[in-house]
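Here is how the chains run, residue by residue.
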Amino acid sequence: MPQIAQLATTYASQIFWLLVCFGVVFFVVGRGLLPKVTGTIDLRDRQIAADLAAAEAARSAADAEEEAWRANANRQRAAAQDAIAKAKVEAAAHTAARLAEASDRIEQTLAAADARIGDARAAALTEIEAVAVDAVQDIAARVAGLSVSPDQAGEAVKGVLAHG
């Protein structure tokens, strides 16, 4: 059979060209493209590692900055609370001083008013005595027909007013 006899020469030729193509592909891919691909992969791995390290450093810096900010905020909050407490104490002292001053003025005003009331009462009593003396003289003259001196009428009115 002639077809079987041709198999060895046909296969030998095909195997030869298969090995030649495989060798060319191996050298082109293996020696040309593979180092570029692995280099790109290594570069990418290094870049990712560097980016992760930079992100970690940035996160650490941000954490440190946040901690510093919180400490500063706590100090400022404490200072503000101290200032508020001091202002409250000063306001209370100022208010107490103003209340004492107002109380003193009120006491002085009350004392002056009491003095004026006492003076008015004394003046009114003096006036009442004068009117009463005139009334006693007039009543004694009309009812009894007596003439009473102003001194006698004044002593009588004072005696009645003293007993009450």
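Preceding block: the structure.
Observations concerning the pattern of salt bridges
Alright, step 1. In this structure the tally under the stated criterion is four salt bridges.
Alright, step 2. Here Arg59 ties to Asp63 by a salt bridge, and the two come within 3.7 Å at their closest N and O atoms. Pair noted here: Arg59 and Asp63 are both in helix H1 (residues 2–144), with a separation of four residues, about one helical turn.
Alright, step 3. Since its relative accessible area comes to 40%, Asp63 is described here as partly exposed.
Alright, step 4. Its salt-bridge partner being Asp138, residue Arg142 comes within 3.4 Å of it at the nearest N-O pair. Separated by four residues within a single helix, Arg142 and Asp138 lie in helix H1, roughly one turn from each other.
Alright, step 5. Through salt bridges that share partners, Glu56, Arg59 and Asp63 make up one connected network.

Quick word on the packing of aromatic side chains
Alright, step 1. Within the structure shown, the criterion is met by three aromatic pairs.
Alright, step 2. Each ring, one from Phe16 and one from Trp17, has its centre 5.2 Å from the other, and the planes form 75 degrees; the classification is edge-to-face.
Alright, step 3. Among the residues examined, Phe16 registers a relative accessible area of 47% and is labelled partly exposed.
Alright, step 4. Residues Phe22 and Phe26 carry aromatic rings whose centres are separated by 6.5 Å and whose planes lie at 25 degrees to one another, so their mutual orientation is stacked.

About the cut-offs
Residues numbered from 1 in each chain as written. Predicted model: local features only at pLDDT ≥ 70, side-chain atom pairs only at ≥ 80, totals over all residues. Heavy atoms only, no water. Salt bridge = Lys/Arg side-chain N within 4 Å of Asp/Glu carboxyl O. Helix = DSSP H or I, 4+ residues; strand = E, 2+ residues; numbered from the N terminus. Buried < 20%, exposed > 50% of the residue type's maximum accessible area, 1.4 Å probe, protein only. Phe/Tyr/Trp six-rings, centres within 6.5 Å; stacked < 30°, edge-to-face > 60°.

Purely geometric numbers; function is a separate question.
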